[in-house]
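Chains, contacts and geometry: an overview
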Amino acid sequence: RFQRVGNISNLEDAISTFRDAVDLTPHGHPRKPSHLNNLASAFLVRFLRHGELSDLENGISTLTDVVDLTPHGHPDKLDHLNNLGHAILDRFKRVGNLSDLQDAISTLTNAVDLTPQGHPHKPGYLNNLGNAFSARFKRLGEPSDLEDAISIYSDAVDLTPPGHPDKPGRLSNLGSAFGARFKRLGELSDLEDAISSDLKDAIAAYRDAVALTPHGHPRKPTCLNTLGTAFSARFDRLGELSDLENAILTFKDAVDLTPHDHPDKPGHLNDLSIAFLTRFERLGELSDLEDCISRQRDAADLTPHDHPDKPGRLSNLGNAFSARFKCLGNLCDLKDAISTYRDAVALTPHGHPHKPARLNNLGTAFSAHFEHFGEFSDLEDAISRYRDAVDLTPRDHPDKLSCLKNLGNAFLTRFKRFGELSDFEDAISAYRDAVALTPHGHPRRPTCLNTLGTAFSARFERLGELSDLEDAISTYRDTVDLTPHGHPDKPDHLNNLGIAFLTRFERLGELRDLQDAVSTLTGAVDLTPHDWHPDKPGCLNNLGIAFLTRFERLGELSDLEDAISMCRDAVDLIPHGHPDKSSRAPVYLNNLGTAFSAHFERLGELSDLEDAILRYRDAVDLTPRGHPDKLKRLINLGSALLTRFLHLGELSDLEDAISTYSVDLPPHGHPDEPGCLSNLGNAFLTRFHRLGELSDLEKAIATLSNAVTHTPHGHPQKSNCLNNLGIAFFTRFQRLGELNNLEDAILRYRDAVDLLPKDHPERPRRLSNLGDTFGARFKRLGELSDLEDAILTCRDAVDLTPDGHPDKSRCLNYLGHYLTARFERFRDPTDFEQTISLYSRAASASTAPIRQRFRASQHWILCAQRMHHCSLFHAYSVAISLLPQLAWVGLELRHRYDELAQGADVVREAAAAALDSGLPETAVEWLEQGRSVVWGELFQLRSSYEELSVVHADHARRLQELSAALENASITREKSSVLSEQASAARRATESLQQEADNHRALAIARDKLLKEIRGLPGFERFLLHKEFSQLRASAHSGPVVILNAAESRCDALIVLADVDHVIHVPLPTFTFQRSSGLQNMLEKLLGHARDIHSDDRKGDPATLRGVSWESLLSTLWNGVVKPLILSSEQTPGDLSRIFWCPTGPFVFLPIHAAGLYGTQQSQPGHKVSDFVISSYVPTLAILSLSPNSSAVPSGTLRLLAVRQPSSDGLPHLSGVAVELEHIREIIRNFPWAQTTLLESSVGTVEEVLDLMKDADWVHFACHGIQDGADSGLCLANGRRLKVSDIIALSRPHGGLAFLSACQTAMGDERLSDEAIHVAAGMLFAGYGGVIGTMWSISDQLAPHVAWDVYTQLFRNGTRPDCREAARALHDAIGRLRDRRNVPFHIWLPFIHVGL
């Protein structure tokens, strides 16, 4: 009745009754053994129910009496021996005493031996004996015990008839034994034997049993559960998912049919829960894990507190919580796991064989809690539990090894956290004990050796003792040798050995170690099955590092490609949501970043550098604060940012790089210390180059000296540290001129070169540096031997640098410098020809940094000019073609202008050279290509690409999308840069800026690649490249365009006419560059303070003339520039045709439109430019290119936006603004037929004005204006400016007039005169057809009169005004103002018209 209902009182009554029966049966009675056997069985049942060891002891004691009282030969003797042996085996499992295991085997062997062949119980006895041998194998690891178990299980299976209910269980035991032998020896035949066809017969028999058991029968759930167990067993053997599905369905039925209060209910729930967990581990479906936890929680709740299975079910529940934590990272699950494991441990009696395993699980949960929160108490709790698990596990128990390993790992973790060497020693001691417990041939010996090797490796990383590394390699070798081929652990062991080889190479530089590392790690990858194997990413990552290291040593590009491929696969193979993603991903991302960085260093592709920085950032972000590798990853990120700064010059990259180094360095003696010091020193050095602070240079030398000192002799990085220190000393020599610094630099460079093997890929760079210092010493001391050494060393650097390497240009440049020096000394033509060739090759090296190539082109130009070499023309062509790349569209606007400043004069000098060669059309092409470069790029972004779309629509669509995205990214970046200056959350603003900058560069790189692809298409080889003259001349559709070029050697006017197929070249022999510069200086004096003060008040106060006059300035312009043009065109006064001035250099700042003779004797027409033409200015020919609607007659209502000075601009009040706006209102009222609507800003903020400009056709600004380079703009509310970058973001395609009645709106930047950096140009490029602007400050009193006259003339025609008439209206208005006798020159001169 107890077995049916589970009521414990029934069991107690049974024991009491059996005890009375025994007591009443006299000794020697033939029924005495039977009554004792019944009592013993009851004790054992109660033991299974409550887990009380006393019941098990009473059961064994009683069974011993039963055996002793049963005569030899009695038919019950066999069963009694079997039961006793089984009970003793249970005690071994509970207590772990090895003597019990020996007694169990002896007793069960007697039972088997005494059982005749054919006896129906023989298979059962054999199965139990097999269990005993299997338990001893698990405890002692002796292969002979496993062989005996397999042999005995085989006999048990063979003797069990088909269809017998115990056949499946015995087959399962045999399969498990075969599986254990496979894990031990790796023989696939064992795995095949484990998957026996008899298992199918067993399942069929179980199916029949279920089918024959009627629904509602009390045995039905048990039959179903047994069938489910068989399905699970076959799944474990074959891995067929259908078996697992059937197991779950069958277990569910068993649970559903078992009454809630039935004693078997918790067991069935437990089996179902385990099946759900198995399916989760197979498929990763979270719902299975949820079902597992739900069923296991029910199983634990339904199991009485004092039931012996309670701790096991709690432990299973803890395992499920732990699995969900690893999957989702929810800390509640980890806390539940710890709580449940605690209960399981507390309920497990001391001495119970499962106590150590449960302590071990609890320790692992504490370890996970420590890894997440870093709480020291968690690590202490983990170590405490692991210690207890080790102490409670008998020395010869098979679980002893895993307990020792976990304890060692915990000690190692505590060492890494707190640095106490005693923890390291304890860890190694634990690992050594584990090895000692595994004699040679033991299946777990390789695993224990592998763990010990890992500890040696870790101690080497901490202390740098080479003996530890040697011990690690020796231990790993033994591990690999003892692991059979095909064993699942073989790849991991090879992986560790390969890493150790790689580490020794990095320490000693022996190439053999590197080759061994690649070979060993390749084997690890090849032997790791399938991409989904959890170890595959790690093996790929390590092999990638080995390939990368071999590339750095031998320079083979194929190794670098393999490195990137392996590291990328490693990153990609970590599944999203994988529990190890947060810990492993940073490692793999960091290494992939390093591979991309090396690829950039080798090939110079900017996209590789962007990829490197992106991966480094991700690695840093994913690495928690305080992690031991955080510093190393920050250093890598800093180095990449430093490289990008050196390549692109973005100051934010330098600042970000230095900020990444603002962390604690590794402790003294740490193997990473020299590398970190070297990188930090380089950062100081770079900041010195940028900011010029001598303290940074001193810090760099001190830090780099420490890096050299702390790098062991023979270390592969010693040469790099010496080289960096040499650079710092050489930099200090260049700054201070002290010869001892130069000598120190040469000494370090020599040592750096000598330490490198002849075939090392870094050798050319080191030689190049050494050669440069020899050259510097020659320049200082004049010793010819130094010059020869410089040439010889630099030539070696050139010869050793492969073509296509980014450093090739640098090496060629250095050699060119010193050949030039020798030519100047000895005038050997051979040196000169070589120099020209070297500079040519350096400038044309496509993989080199653009700034390096441009500098080479400048050297080439200087050499060719000096000797009138025939390559001069080609040198200019190369230099001009590099200008758009200098001002790369992926850079910030301000930075693009900074880059262009390097070549401010080259375009004008190139045009002069073309004119010297009689090629005026080429001169025009070059001037168009090399001026207003930034505006030209903007035009390209806004092109419609009609020709491309006709033939290659997809390419055109992609280019259109990329261009639009790139322009938006550029605009967003400019706006964010401004806003970040005002942001209070500096860190958040910086992160946002960085993301926008990254996006901006990424889009620019993608567009460059697409353009390269398009130019590979037939007929599109010159797509979006500079236009030829035949295309450019169409821009002169509205009148002649006169380009005024000012070069050092000559000044010229180049006239472009739409209907003339050549340039009309008018030399200006009496007007030189010096004269144009002199006139610019004269203008500065005439304007005085009005042009120099940024916050101009629009008053236009008269300036002190200081001995110069406006008349002399304007007459010089007339006689030297304009008059020759008028004479060549045979124009007569009063024609007043349109002319478009396109000035360069100093001409940009001179009032060409007002040139003339203004004395009283020249009052008649014919002595001023305004007598002959209506002047407009244009920055380039491209700005006049016909747009689709440029010739259309305007129609509809004209919307004119008027923006007045806001009260909150923080600048002096302009009283004339109100008068000016009232004039505009009055004109609109007076001319109703002009169909004009006036829009006015209310608050005058930048945002409001920009919104209104989107809806307006024309715009009129009456406010303060400021010329301030890229920050030039119109002053609006709250002290902010409507900047050039804001204006061009409008991208207005519909033309119109922009009247800028403000100061300095067309003034230009003296540093970059040819880039048209002013508000008027911004309006043109935003889409306005014409602009009225000002060259300097204007009068607040007279500005309203100019506006009145201009608008009156534009509106008087009786129709909607046409913006193309604005030039004439301004011409007439200024003429009237000029003719007033009391109006000085500087009042009317600044007003100009720009555009069409």
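Throughout this document, residue positions are counted from 1 along each chain, in the order its sequence is written. Reporting in this predicted model follows two pLDDT cut-offs: at least 70 for local features of residues, and 80 or more for side-chain atom pairs to be given and counted; totals over whole chains, interfaces and linings ignore these cut-offs and use all residues. Just so you know, side-chain values use all the structure's heavy atoms and leave hydrogens and water out.

1. Comments concerning the packing of aromatic side chains
The following threshold applies: Aromatic rings from Phe, Tyr and Trp, with only the six-membered ring used for Trp, were paired whenever their centres fell within 6.5 Å, and each pair was classed as stacked if the ring planes differed by under 30 degrees, edge-to-face if by over 60, and tilted otherwise. Only DSSP runs of H or I with at least four residues qualify as helices, and only runs of E with at least two residues qualify as strands; both kinds are numbered from the N terminus onward. Residue burial is assigned from relative accessible area. The probe radius is 1.4 Å, only protein chains are included, and a residue is buried under 20% of its type maximum, exposed over 50%, and partly exposed in between. Our definition puts a charge over a ring when NZ of Lys or CZ of Arg is within 6 Å of the ring centre and also within 35 degrees of the ring normal.
Inspection of the entire model under this criterion finds 14 aromatic pairs. Note on tryptophan 1118 and phenylalanine 1172: the rings are 6.1 Å apart at their centroids and 25° apart in plane angle, and the pair reads as stacked. In this pair, tryptophan 1118 sits in helix 52 (residues 1110-1129) while phenylalanine 1172 sits in the loop between strand 4 (1137-1143) and strand 5 (1173-1177), placing the two residues 54 residues apart along the sequence. Judged by its relative accessible area of 3%, tryptophan 1118 is buried. Through successive ring pairs, a cluster of aromatic residues spans Trp1110, Tyr1158, Trp1336, Phe1385 and Trp1388. The ring of tyrosine 1158 has lysine 1168 sitting right over it, with the charged end atom 5.6 Å from the ring centre. Taking the ring centre of tryptophan 1388 as reference, the NZ or CZ of arginine 1378 above it sits at 5.4 Å.

2. Here's the deal with the pairing of strand 4
Test applied: We call two strands paired when DSSP finds no fewer than two bridges between them.
With respect to burial, strand 4 is a largely interior element, six of its seven residues being buried. The sheet contact formed by strand 4 and strand 5 spans five bridges and is parallel. When the bridges of strand 5 are listed, isoleucine 1139 appears paired with serine 1175.

3. Quick word on helix 5 (residues 77-95)
This is how it is decided: One less than the number of residues in a helix, times 1.5 Å, gives the span that helix is expected to have.
When the terminal C-alpha atoms of helix 5 are compared, their 27 Å separation across 19 residues agrees well with the 27 Å that a helix rising 1.5 Å per residue should span. Following helix 5 by one or two positions, glycine 96 adopts a phi angle in the positive range, close to 85°.

4. What to know about the sheet that holds strand 11 (residues 1281-1283)
Ordered in space as 9-10-11, the three strands form an open sheet in which the pairing is antiparallel. The open sheet is flanked by strand 9 (1265-1266) and strand 11, the only strands paired with a single partner. Relative to strand 10 (residues 1273-1275), strand 9 is paired through two bridges, and the arrangement is antiparallel. Paired with glycine 1265 across the two strands is leucine 1274, which belongs to strand 10.

5. Things to note about the pattern of salt bridges
A side chain with one charge may pair with a side chain of the opposite charge, provided their charged atoms come close. Heads up, the rule is: In the sections that follow, a salt bridge refers to a side-chain nitrogen of Lys or Arg positioned within 4 Å of a carboxyl oxygen of Asp or Glu.
Summed over the entire model, instances satisfying the criterion amount to 59 salt bridges. In this structure, the salt-bridge partner of arginine 46 is glutamate 12, at a minimum N-O distance of 2.7 Å. Of this pair, arginine 46 sits in helix 3 (residues 32-50) while glutamate 12 is found in helix 2 (residues 8-24), placing the two residues 34 residues apart along the sequence. In this structure, the salt-bridge partner of arginine 866 is glutamate 824, at a minimum N-O distance of 2.8 Å. On the criterion of sequence distance, the pair formed by arginine 866 in helix 40 (residues 850-866) and glutamate 824 in helix 38 (residues 808-826) is long-range, its members being 42 residues apart. We classify arginine 866 as partly exposed; its relative accessible area is 44%. On the basis of relative accessible area, glutamate 824 is assigned to the partly exposed category, the value being 45%. Salt bridges sharing partners connect three or more residues here, namely Glu601, Glu762, Arg765, Arg766 and Asp807.

6. Notes on unusual backbone geometry
A positive phi angle, near 50°, is found at histidine 868, a position not held by glycine. One can find histidine 868 in the loop between helix 40 and helix 41 (872-886). Here histidine 868 falls in the exposed class, since its relative accessible area comes to 73%. The backbone phi angle of alanine 1316 is positive, close to 50°, even though this residue is not glycine.

7. Digging into helix 22 (residues 445-463)
For helix 22, built from 19 residues, the straight-helix expectation of 27 Å at 1.5 Å per residue is met to within 8% by its first-to-last C-alpha distance of 27 Å. Trailing helix 22 by a residue or two, glycine 464 shows a phi angle of about 75°, which is positive.

8. Describing the confidence of the model for the protein chain
Definition in use: pLDDT measures the predictor's confidence residue by residue and takes values from 0 up to 100. We call two residues in contact whenever any of their non-hydrogen atoms come within 4.5 Å of each other.
Confidence in the prediction of the protein chain, expressed as mean pLDDT, is 85, and 91% of residues score 70 or more. Contacts from residues 978-990, a stretch scored under 50 in pLDDT, to residues over four places away or in other chains number five contacts. Segment residues 1089-1097 is flagged for pLDDT under 50; beyond a separation of four residues in sequence, or across chains, it makes 26 contacts in the model.

9. So, the packing of helix 43 (residues 906-916) against helix 44 (residues 920-930)
Keep this limit in mind: Throughout, an axis means a line fitted to C-alpha atoms (over the contacting stretch in the case of helices), and angles, computed between N-to-C directions, take values from 0 to 180 degrees. If an angle is under 35 degrees, it is roughly parallel; if it is over 145, roughly antiparallel; if it lies from 65 to 115, roughly perpendicular; otherwise it is oblique. Side-chain classes are defined by residue name, with Ala, Val, Leu, Ile, Met, Phe, Trp, Tyr, Cys and Pro counting as nonpolar, Asp, Glu, Lys and Arg as charged, and the others, Gly among them, as polar.
Taken N-terminus to C-terminus, the directions of helix 43 and helix 44 make an angle of 170°; their axes are 8 Å apart at the nearest point. Comparing their axes, helix 44 and helix 43 come out roughly antiparallel. Contact residues: helix 43 offers Val907, Arg908, Ala910, Ala911, Ala914 and Leu915, while helix 44 offers Pro920, Thr922, Ala923, Trp926, Leu927 and Gly930. Across the contact of helix 43 with helix 44, the residue classes tally to nine nonpolar, two polar and one charged.

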